[in-house]
Protein chains: 2
Amino acid sequence: MTATRTAQRLSKPEEYSDLLDRFDTFLFDCDGVIWTGPTLVPGVTDVLNLLRSRGKNILFVTNNAKKSREMYKKAFDGFGIQASVDEIFGSAYASAIYLSKILKFPVDKKVYVIGEEGIEHELKSVGINFTGGTDPADRVFVPSGDYSSIKNDSSIGAVLCGFDAYVNYKKYAKAHTYITNNPGCEFILTNADPTYPAGGAFYPGSGAMSAPLRFSTKKTPTIIGKPHRHMMETILAAHDFDPERTIMIGDNLETDILFGINSNVTTLLVMTGVTNESHLSGENKSDTVPDYVVQSMGDFAVLAEQN
Amino acid sequence: MTATRTAQRLSKPEEYSDLLDRFDTFLFDCDGVIWTGPTLVPGVTDVLNLLRSRGKNILFVTNNAKKSREMYKKAFDGFGIQASVDEIFGSAYASAIYLSKILKFPVDKKVYVIGEEGIEHELKSVGINFTGGTDPADRVFVPSGDYSSIKNDSSIGAVLCGFDAYVNYKKYAKAHTYITNNPGCEFILTNADPTYPAGGAFYPGSGAMSAPLRFSTKKTPTIIGKPHRHMMETILAAHDFDPERTIMIGDNLETDILFGINSNVTTLLVMTGVTNESHLSGENKSDTVPDYVVQSMGDFAVLAEQN
């Protein structure tokens, strides 16, 4: 079925204008759409201002689990882009909401965190107890073969795993112990991105970091981030909008665009990030096809100039 | 087909005697068969001595990649069991042999090692250059987001991944960089055991440790250890024996017994390790069925008493 679908390429001001008219809510991925690494995508500030001037809802939906919403807002501030904390949905926050609102995680239980400050901030913001994370006691190497210090803790009711540059065998061994020993222990990933972009290169991402636990416990984790539906559930828990008049804009077919498709909203692919033409046509073409493609979100700035 | 196969249970002295008569070469897994953790399986020393007195070939075939053959021999010495280095086949040694004999790994290339001393010893023993491993420069945590120190090295022709208690993000990021940037870079796992037994508990094993690289690079590694055939190739490269008169003895259906089946040798399961009755019958029964089952290798000691 999808083989016959083709994305519609937009390149004319009237096409841009029609698109803006058709949607009220614009869900944006950030890296690869608003900025690429340390560089703002040209024209994007004007486009965001144009959307605001037309009364559109803007929400930023990112799989980045390293940062809390507060921390992520600082990235917007650094680029001089207007954004409020309530408009930002990161996978760390979405995971905290999933635990508190959807799972109703017991107050007498703790979450064991493989992750950094961002996850801790968001768990605190919703009143969930946790251990691990940035605790220096778990940022260590344990001597090979001596795991006597690793004991089960029956108060751990979930393991939440995101990107953690300080991941190590002690963390994996503890998480494995909790998941396999505590009946009903939840195993949750902030997101399952295979790679993480930094400095123009790619390194193992959150999904890769959690892979040892999937392999050793043989348990299937609950994945919160794009393209999974839990991300949309948390957005809809906080914002009232009409999916029919919502568009998801991203640079990644397998996360952003698939997320839009899984969430039944229209999708717009931009070519300022990880996707290139070989993903859209030819023998290696992706099965995930967006509704629309534009070269850059900045291309919409032509409408701002017309204002 | 396998559903109708049933293992033959041996419990009488004449059954043990018949089995010994039918085979010339005995391939033993160690942990769970010869010893369980720090404890020798009762009677096993007598049984090994009996086999030697009858002129049988004895080979120890272990997936343990932490130890070189020399290091592994010390475990036998500690239990007072006669064993020579040439009789020991660990997955670290087998990986070194695979690189040197099968891949004919170029002398001007290096292997990047995620692993410990055992792998380094075995690579040295076959004259293969390597980096990583126990190098203190790679036993560190790099600050989150700053991976500028991680550069590609075009002299890396293979990544070899085994058990490494000092695994960290820098090692994963380097290995990912080499595998994805160097054309033809081999991606080899000593073994793919999901768990590692220590102190009566299970922790993530070698197969789990390499999982981030499988996930981030999307490359399928070459796996050396049991149940894969490369292990048998390296044994056959060093020892001349008739597979028809060879039996593989182990405690693990998914590594030892499947290895025997994959290698077309007879298999004997012992119940002194990870397998219990629920794996052999009932609704959760394994698809992997051994030819024979005994409670313990020590049960054969009754024949030594008759000598």
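Shown above is the structure to which this text applies.
Here the structure is a predicted model, which is why all the values come from computation and not from measurement.

Asks: Looking at this structure, how should I read the sheet that holds strand β14 (residues 246-250) of chain A?
Replies: Residues and elements named next belong to chain A. Spatial strand order, β1-β16-β15-β14-β2-β5-β6: seven strands in an open sheet with parallel pairing. Both edges of this open sheet fall to β1 (8-9) and β6 (88-90), since each of them pairs with a single strand only. Sheet analysis places strand β15 (residues 266-270) next to strand β16 (residues 292-294), joined by three bridges and oriented parallel. In the sheet register, Leu-269 faces β16, and the bridge partner there is Val-293. The sheet strands contacting helix α1 (residues 13-22) are β1, β2 (25-28), β14, β15 and β16, and the helix crosses β16 at an angle near 130°. Here helix α9 (residues 229-238) sits on the sheet in contact with β2, β5 (57-62) and β6, set at roughly 150° to β6.

Asks: So what exactly am I meant to see when it comes to the pattern of salt bridges here?
Replies: Between side chains of opposite charge, a pair can form when the charged atoms approach closely. One pass over the structure, following the stated rule, counts 26 salt bridges over all chains. The salt bridge involving Glu-122 of chain A is made with Arg-69 of chain A; its shortest N-O contact spans 3.2 Å. With a gap of 53 residues between them, Glu-122 of chain A in helix α5 (residues 117-125) and Arg-69 of chain A in helix α3 (residues 69-79) connect regions that are remote in the sequence. Judged on exposure class, the residue Glu-122 of chain A and its partner Arg-69 of chain A are both buried. Two residues, Arg-54 of chain B and Asp-21 of chain B, come together in a salt bridge whose shortest N-O distance is 4.0 Å. Of this pair, Arg-54 of chain B sits in the loop between α2 (44-53) and β5 (57-62) while Asp-21 of chain B is found in helix α1 (residues 13-22), placing the two residues 33 residues apart along the sequence.

Asks: What am I meant to see in the packing of helix α4 (residues 91-102) of chain A against α9 of chain A here?
Replies: Packed helices, taken two at a time, are described by the angle their axes make and the gap between the axes. Residues and elements named next belong to chain A. Where α4 meets α9, the closest approach of the two axes is 9 Å, and the angle between their N-to-C directions is 75°. The angle between α4 and α9 falls in the class roughly perpendicular. Taking contact as the criterion, the partners of Ser-91, Ala-94, Ile-97, Tyr-98 and Ile-102 in α4 are, on α9, His-230, Met-231, Glu-233 and Thr-234. Considered class by class, the residues forming the contact of α4 with α9 number five nonpolar, three polar and one charged.

Asks: Where do I start with the interface of chain A and chain B in this structure?
Replies: One frequent convention defines the size of an interface as the accessible area lost when the parts assemble. Every contact between the two is made by 39 residues of chain A and, on the other side, 39 residues of chain B. The junction of chain A with chain B conceals about 3,200 Å² of combined surface from both sides, 69% of it contributed by carbon and sulfur atoms. Taken as a group, Phe-141, Tyr-169 and Phe-215 of chain A account for 24% of the area that chain A buries against chain B, more than any other trio of residues on that side. For the pair chain A and chain B, the interface holds zero salt bridges. The interface formed by chain A and chain B contains four residue pairs in polar contact (both at pLDDT 80 or more). Class assignment for the residues of the side of chain A that touches chain B results in 25 nonpolar, eight polar and six charged.

Asks: When you look at the relation of the copies chain A and chain B in this model, what are you seeing that I'm missing?
Replies: When chain A is brought onto chain B, the operation consists of a screw motion whose angular component is 180° and whose axial shift is 0.0 Å, with 0.0 Å RMSD remaining. Taken together, the turn and the small shift mark the pair as related by a two-fold rotation axis.

Asks: I'm lost on the sheet that holds strand β10 (residues 186-189) of chain A in this one. Help?
Replies: Consider a sheet: its strands pair through backbone hydrogen bonds, and that pairing is either parallel or antiparallel. Residue and element names in this part refer to chain A. The strand order across the open sheet built from five strands is β8-β7-β9-β10-β13, with neighbouring strands paired in parallel fashion. Taken across any chain shown, the strands that pair with only one partner, and hence form the sheet edges, are β8 (129-132) and β13 (222-223). Here strand β9 (residues 156-161) runs beside β10; their pairing, made up of four bridges, is parallel. Across the sheet, residue Val-159 finds its bridge partner in β10, namely Phe-187.

Procedures and definitions
Residue positions within a chain follow its written sequence, with the count starting from 1. Chains and ligands are labelled by the order in which they are written, letters from A for the one and numbers from 1 for the other. Given that this is a predicted model, residues contribute local features only at a pLDDT of at least 70 and side-chain atom pairs are listed and counted only at 80 or more, while totals for whole chains, interfaces and linings are drawn from all residues. The side-chain quantities take in all heavy atoms of the structure and omit both hydrogens and water. In this description, strands pair whenever DSSP reports at least two bridges between them. A run of H or I in DSSP becomes a helix once it reaches four residues, and a run of E becomes a strand once it reaches two; helices and strands are each numbered from the N terminus. Only heavy atoms enter the contact rule, under which two residues are in contact if any of them lie within 4.5 Å. Lines fitted to C-alpha atoms define the axes here, with helix axes fitted over just the stretch in contact, and angles between the N-to-C directions of these axes take values from 0 to 180 degrees. Basic side-chain nitrogens of Lys or Arg form a salt bridge, by our definition, when they fall within 4 Å of a carboxyl oxygen of Asp or Glu. Note on exposure labels: buried denotes an accessible area under 20% of the residue type's maximum, exposed denotes more than 50%, and partly exposed covers the range between, all computed with a 1.4 Å probe on protein chains only. Oblique is the label for any angle not under 35 degrees, not over 145, and not in the 65 to 115 range, which are roughly parallel, roughly antiparallel and roughly perpendicular in turn. Only Asp, Glu, Lys and Arg are considered charged, only Ala, Val, Leu, Ile, Met, Phe, Trp, Tyr, Cys and Pro nonpolar, and every remaining residue, Gly among them, polar. By definition, the buried area sums, over both parts, the 1.4 Å-probe accessible area that each loses when the two are put together. Whenever two N or O atoms come within 3.5 Å, that pair is a polar contact, provided that in protein one can donate a hydrogen and the other can accept it, and provided that, for residues adjacent in sequence, both atoms are side-chain atoms. Least squares is used to superpose the copies, and the fit set is the C-alpha atoms of residues whose pLDDT is at least 70 in both copies.

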